[in-house]
Amino acid sequence: MHCPAPSLSSLQPDIPTATRTAQVWRIDGSHIATGVDQLIEEIPVALVYNGISHAVLLATPADLEDLALGFSLSEGILASRSELYDAERVDGSRGIELRLEIASERFASLKARRRNLAGRTGCGLCGVESLDALARPQTHLPPRAPVPIEAAFAGLAALPGHQPLRQTTGAVHAAAWIGRDGVIHALREDVGRHNALDKLLGHLAATRVDPAGGFVLVSSRASYEMVQKTLALGIGNLVAVSAPTGLAVELAREAGLGLAGFARDRRMVIYAGAEHFTPPGQT
């Protein structure tokens, strides 16, 4: 079965496959009652490029076509959406395979990259072969209009109403694309914060959203990898509900990214690119 093309109207994930029910015991002081609760699913999802398995993610099985494209772009496996020729989802007893057909020159680069991964036990920096590679120069973002801080506050206020999986299970992260008017135009949820961001980025790439038209809001902390993924699609501002890491702030400053953290209840802390945010009351 081929993965369907994402659409701008697809804000809701595939809830029936993303959750499961479980019998629970609810304790309230000395009172015990049985009941039913909803659990978020977390299953292995293998990304297979031109017949070769590259990575296995633990992900929520919803919006997987977005995850495949977003991961491929944000990890530098693909340079553009057009280099992904086909995608097929194959469900198995141990998980899901996403079988991707990519451009031959990109696959050759991926094979060379895989040779550098021998013996790697796992980290957040896929394909980085040395500390020198971690410090590679980043493209500086071009000038753009600043994002109104009021738009971030409006997006934050609206965020809970766009998170059906969080409302059902309380166990997922979200990444949202918010316009300069504060409206949430797209949102993706996943048990993994990187997966949620990759799903959103895949959706934005598939629908050819203008990176200058808004910003990303994530319900988690902002790590180096999440800043890097945001930059990969040319997005100029990232707002996080929790804290950024030191390395994330350093990268954001070098690349000209507007980075804010602790965004809650009409408050936030800007760590990089203050000039890329418009203070409340200013236009």
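Above this text sits the structure in question.
Remember, it's a predicted structure, so these values are computed and weren't measured experimentally.

**Re the overall build of the protein chain**
Helix and strand counts for the protein chain stand at 9 helices and 14 strands. Going through the 283 residues of the protein chain one by one, you find that 46% of them count as buried. Within the protein chain, contacts between residues at least 6 apart in sequence are counted, and of these 54% link residues at least 24 apart. Summed over all atoms, the accessible surface of the protein chain reaches about 13700 Å², with 52% contributed by carbon and sulfur.

**Section: the sheet that holds strand S13 (residues 267-272)**
Remark on secondary structure: sheet strands pair via backbone hydrogen bonds, oriented parallel or antiparallel. Pairing is mixed across the open sheet formed by 6 strands, whose spatial order is S9-S8-S10-S11-S12-S13. A single partner strand is all that each edge strand has here, and the edge strands are strand S9 (184-190) and S13. Ignoring strand direction, the axes of neighbouring strands in this sheet form an average angle of 20°. In the sheet, strand S12 (residues 258-264) pairs with S13 via 4 bridges, with the strands oriented antiparallel. When the sheet's bridge partners are listed, Ala-260 is paired in S13 with Ile-270.

**What to know about the environment of Arg-81**
Within the secondary structure, Arg-81 sits in the loop between helix H2 (64-74) and strand S5 (84-91). Taking relative accessible area as the criterion, Arg-81 reaches 33% and is therefore assigned partly exposed. Apart from the residues within four sequence positions on either side, Arg-81 is in contact with Leu-69, Leu-73, Ala-205, Ala-206 and Arg-208.

**Let's talk about the sheet that holds S5**
Here 4 strands make up an open sheet; going across it, the order is S4-S3-S6-S5 and the pairing mixed. Bordering the open sheet on either side are strand S4 (52-59) and S5, each of which pairs with just one other strand. Sheet twist, expressed as the average angle between the axes of neighbouring strands with direction ignored, equals 20°. By the bridge criterion, 7 bridges tie S5 to strand S6 (residues 96-102) in an arrangement that is antiparallel.

**Digging into the nonpolar core**
By size, the foremost hydrophobic cluster in this structure holds 52 residues, and its most contacted members are Tyr-49, Val-227 and Leu-259. A per-element tally of this core places helix H7 (residues 193-206) first, with 7 residues. Beyond its immediate sequence surroundings of up to four residues, Tyr-49 is in contact with His-54, Ala-68, Phe-71, Ser-72, Ile-77, Leu-100, Ile-102, Phe-107 and Leu-110. Counting residues in each nonpolar core, the second largest holds 20 residues, with Ile-149, Ala-174, Ile-184 and Val-241 among its members.

**Regarding the pattern of salt bridges**
Tallying each qualifying case throughout the model produces 10 salt bridges. We note a salt bridge from Arg-188 to Asp-66, for which the minimum N-O separation is 2.8 Å. Taken together, the residues Arg-188 in strand S9 and Asp-66 in helix H2 connect sequence positions 122 residues apart. For the residue pair Arg-188 and Asp-66, the accessibility class agrees, reading buried in each case. Lys-199 serves as the salt-bridge partner of Asp-190, at 2.7 Å between the closest nitrogen and oxygen. The exposure classification of Asp-190 matches that of Lys-199, with both residues buried. Residues joined by salt bridges that share partners form a network here, namely Asp-63, Asp-66 and Arg-188.

**What to know about the side chain of Thr-19**
Following the sequence through the fold, Thr-19 ends up in strand S1 (residues 19-28). Reaching out from Thr-19, the side chain makes a polar contact with the side chain of Gln-38 at a distance of 3.2 Å.

**Details of the environment of Asp-66**
Residue class for Asp-66 comes out buried when judged on its relative accessible area of 0%. C-alpha of Asp-66 to C-alpha of Gly-202: the two residues are 136 residues apart in sequence and 4.4 Å apart in space.

**Points about helix H8 (residues 224-232)**
The periodicity of an α-helix, 3.6 residues per turn, causes residues three or four positions apart to be oriented the same way. Among the 9 residues in H8, 8 count as buried, and that is most of the element. Within H8 the residues assigned to the buried category are Tyr-224, Glu-225, Met-226, Val-227, Gln-228, Lys-229, Thr-230 and Leu-231. A positive phi of about 75° marks Gly-234, the residue just after H8.

Criteria and thresholds
Residues numbered from 1 in each chain as written. Predicted model: local features only at pLDDT ≥ 70, side-chain atom pairs only at ≥ 80, totals over all residues. Heavy atoms only, no water. Helix = DSSP H or I, 4+ residues; strand = E, 2+ residues; numbered from the N terminus. Buried < 20%, exposed > 50% of the residue type's maximum accessible area, 1.4 Å probe, protein only. Contact = heavy atoms within 4.5 Å. Areas by Shrake-Rupley, 256 points an atom, 1.4 Å probe, with all protein chains shown as cover. Pairing = 2+ DSSP bridges. Axes fitted to C-alpha atoms, helices over the stretch in contact; angles between N-to-C directions. Core = buried A, V, L, I, M, F, W, Y, C linked by side-chain atoms within 4.5 Å. Salt bridge = Lys/Arg side-chain N within 4 Å of Asp/Glu carboxyl O. Polar contact = N/O pair within 3.5 Å; in protein donor to acceptor, adjacent residues only side chain to side chain.

From the geometry alone we can't say anything about function, so treat these as descriptive.
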